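Residues per chain, in single letters:
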Amino acid sequence: MALRMSQVPALAATFLSHTKTRFVPPSPEDLAALDALLSRAWEDAQARWPGVALPAASFVTHVAERLPPASPTTPIAPLVSGLSLAELYLACACLQGHSAAHEALERHYLARLPERLRGLRQPDAMIDEVRQRVGVKLLVANAGHAPAIADYSGRGGLLSWVVVIAGRIANKLRGQEKPSTEDDAEELFKALPAQGLDPELDVMKRRHHAAFRQAVREAASTLSAEDRHLLRLHFADRLSTYEMAPLFRVNQSTISRWLKRVQQQVYAETRRRLQEQLGLSTEDFQSFIAFVDSQLDLTLSQLLDEKREPPSEG
């Protein structure tokens, strides 16, 4: 027999009434476990952020509204446990205007942006301005929209999410925002080393400049939305694999493997398209492809910057 809402533990009832997914009613045991999980998460968050007082019902509502999409039969507790609950607590308190929460956000997140932005090779001259703009974007409503902290979903670490926002703001200030895959591919092409490596190949590169650029752009356009997002974070937002890992809730080696796979897909598709488009002799084509491969390898190694040490999470 289905339980009446009056029989459901209070926090679990609040949670289930605010999720976008209408879940199949859990068993009494699952409801009790969910209620205990939410209560424990609230208590743990209070301990992590002393002085930031947030009612349990407000916290639970905030979490429920940001639960990842799921089928109605999906077990609920693992979805909740997979979120960064203590950081969602802080985000909720910031959204509600708690001064102590704003101070905690400044001290534990915004104050760390200069270090992170320097790691992303942003110039010192704009770092303070970026930090200020990030604070405003996160905490101040704009043109009828809620502060951006409302968009934090808890599916990755809050610091990494803030760094992504900071990187985008920095790129806008530098006139380097790249909203599309074509722009990402164009940036990759522009980053190829200048002339002088080999005079004959330099001539070939100039002669087939348009074909090569178009092939790279078309190859990039064949990527899935997920792979384009991966490249955009890495190229446009200048995040290292260490900084991307928390966003996807995987380890750094997995991010590296994903990037390598996407890189190889772009390589293979670029080569295929060039071979179709260029009327070169076999020898000339092989020389040109060797040039393309060597320069893409060099360019991507510089852009991916795999050798950089992971920033300290402190």
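Residues numbered from 1 in each chain as written. Predicted model: local features only at pLDDT ≥ 70, side-chain atom pairs only at ≥ 80, totals over all residues. Heavy atoms only, no water.

Enquirer: Help me understand the overall build of the chain, please; the structure alone is not making it clear to me.
Expert: For the chain, the helix and strand inventory stands at 16 helices and 0 strands. The proportion of buried residues among the 314 residues of the chain is 45%. As displayed, the chain offers around 15800 Å² of accessible surface, 52% of which is attributable to carbon and sulfur atoms. (Helix = DSSP H or I, 4+ residues; strand = E, 2+ residues; numbered from the N terminus. Buried < 20%, exposed > 50% of the residue type's maximum accessible area, 1.4 Å probe, protein only. Areas by Shrake-Rupley, 256 points an atom, 1.4 Å probe, with all protein chains shown as cover.)

Enquirer: Any chance you could explain the packing of helix α3 (residues 56-65) against helix α5 (residues 85-95) here in plain terms?
Expert: Helix packing for two helices is described by the angle between their axes and how far apart those axes are. Between α3 and α5, whose axes approach to 9 Å, the crossing angle comes to 110°. One element, α3, and the other, α5, form an angle in the roughly perpendicular class. On α5, the residues that touch Ser 58, Phe 59, His 62 and Val 63 of α3 are Leu 85, Leu 88, Tyr 89, Ala 91, Cys 92 and Leu 95. Of the residues belonging to the contact of α3 with α5, the class tally is 8 nonpolar, 2 polar and no charged. (Axes fitted to C-alpha atoms, helices over the stretch in contact; angles between N-to-C directions. Parallel < 35°, antiparallel > 145°, perpendicular 65-115°, else oblique. Contact = heavy atoms within 4.5 Å. Nonpolar A, V, L, I, M, F, W, Y, C, P; charged D, E, K, R; others polar.)

Enquirer: Help me understand helix α15 (residues 252-277), please; the structure alone is not making it clear to me.
Expert: An α-helical turn contains 3.6 residues, so any two residues separated by three or four positions project in the same direction. For α15, spanning 26 residues, the distance from its first C-alpha to its last is 37 Å, which sits close to the expected 38 Å at 1.5 Å a residue. All of the buried residues along α15 are Thr 254, Ile 255, Leu 259, Val 262, Gln 263, Val 266, Tyr 267, Glu 269, Thr 270, Arg 273 and Leu 274. (Expected span 1.5 Å × (residues − 1).)

Enquirer: Got a minute to help me understand the packing of aromatic side chains in this structure?
Expert: The geometry of an aromatic ring pair is captured by two quantities: the separation of the ring centres and the angle between the planes. Counted by the stated rule, this structure contains 3 aromatic pairs. An angle of 45° between the planes, with centres 6.3 Å apart, marks the rings of Trp 49 and Tyr 109 as tilted. One end of the pair, Trp 49, is in the loop between α2 (28-48) and α3; the other, Tyr 109, is in the loop between α6 (99-108) and α7 (113-119), with 60 residues separating them in the sequence. For the pair formed by Trp 49 and Tyr 109, the shared burial category is buried. Between Tyr 152 and Trp 161, the ring centres sit 5.5 Å apart and the planes meet at 55°, which makes this aromatic pair tilted. This pair shows no difference in class: Tyr 152 is buried, exactly as Trp 161 is. (Phe/Tyr/Trp six-rings, centres within 6.5 Å; stacked < 30°, edge-to-face > 60°.)

Enquirer: I tried to follow the packing of α2 against α3 on my own but got confused; where do I start?
Expert: Interaxial distance between α2 and α3 falls to 10 Å at its minimum, and their mutual angle equals 110°. Regarding the angle of α2 to α3, the classification is roughly perpendicular. As for how α2 packs across α3, the hand of that crossing is right-handed. Along the contact surface, α2 presents Leu 38, Ala 41 and Trp 42, while α3 presents Ala 56, Phe 59 and Val 60. (Left-handed = near helix turned anticlockwise from the far one by under 90°.)

Enquirer: How should I be thinking about the pattern of salt bridges in this particular structure?
Expert: Close approach of charged atoms allows side chains of opposite charge to pair. In total, this model carries 5 salt bridges according to the counting rule given. For Arg 48, the salt bridge goes to Glu 87, with nearest N and O atoms at 3.8 Å. One end of the pair, Arg 48, is in helix α2; the other, Glu 87, is in helix α5, with 39 residues separating them in the sequence. Relative accessible area serves as the criterion here: at 43%, Arg 48 is assigned to the partly exposed category. We note a salt bridge from Arg 131 to Glu 106, for which the minimum N-O separation is 2.1 Å. Linking Arg 131 in helix α8 (residues 124-139) with Glu 106 in helix α6, this pair joins segments that are 25 residues apart in sequence. Among the residues examined, Arg 131 registers a relative accessible area of 24% and is labelled partly exposed. (Salt bridge = Lys/Arg side-chain N within 4 Å of Asp/Glu carboxyl O.)

Enquirer: Please explain the state of the cysteines as it appears in this structure.
Expert: Every disulfide links exactly two cysteines, by a covalent bond between their sulfur atoms. Throughout the structure, instances matching the rule amount to 0 disulfides. Just so you know, Cys 92 is unpaired, no disulfide at all, and the nearest cysteine sulfur is the one on Cys 94, 9.3 Å from it. Judged by relative accessible area, which is 2%, Cys 92 ranks as buried. Exposure remark for Cys 94: the relative accessible area of 4% places this residue in the buried category. (Disulfide = S-S within 2.5 Å.)

Enquirer: Quick question: what am I supposed to make of the confidence of the model for the chain here?
Expert: Low pLDDT means the predicted coordinates in that region are not meant to be read closely. Summing up the model confidence of the chain, the mean pLDDT is 77 and the portion of residues at 70 or higher is 70%. Below a pLDDT of 50 lies the segment residues 1-7, which in the model reaches 4 contacts outside its immediate sequence neighbourhood of four places, other chains included. (pLDDT = per-residue confidence, 0-100.)

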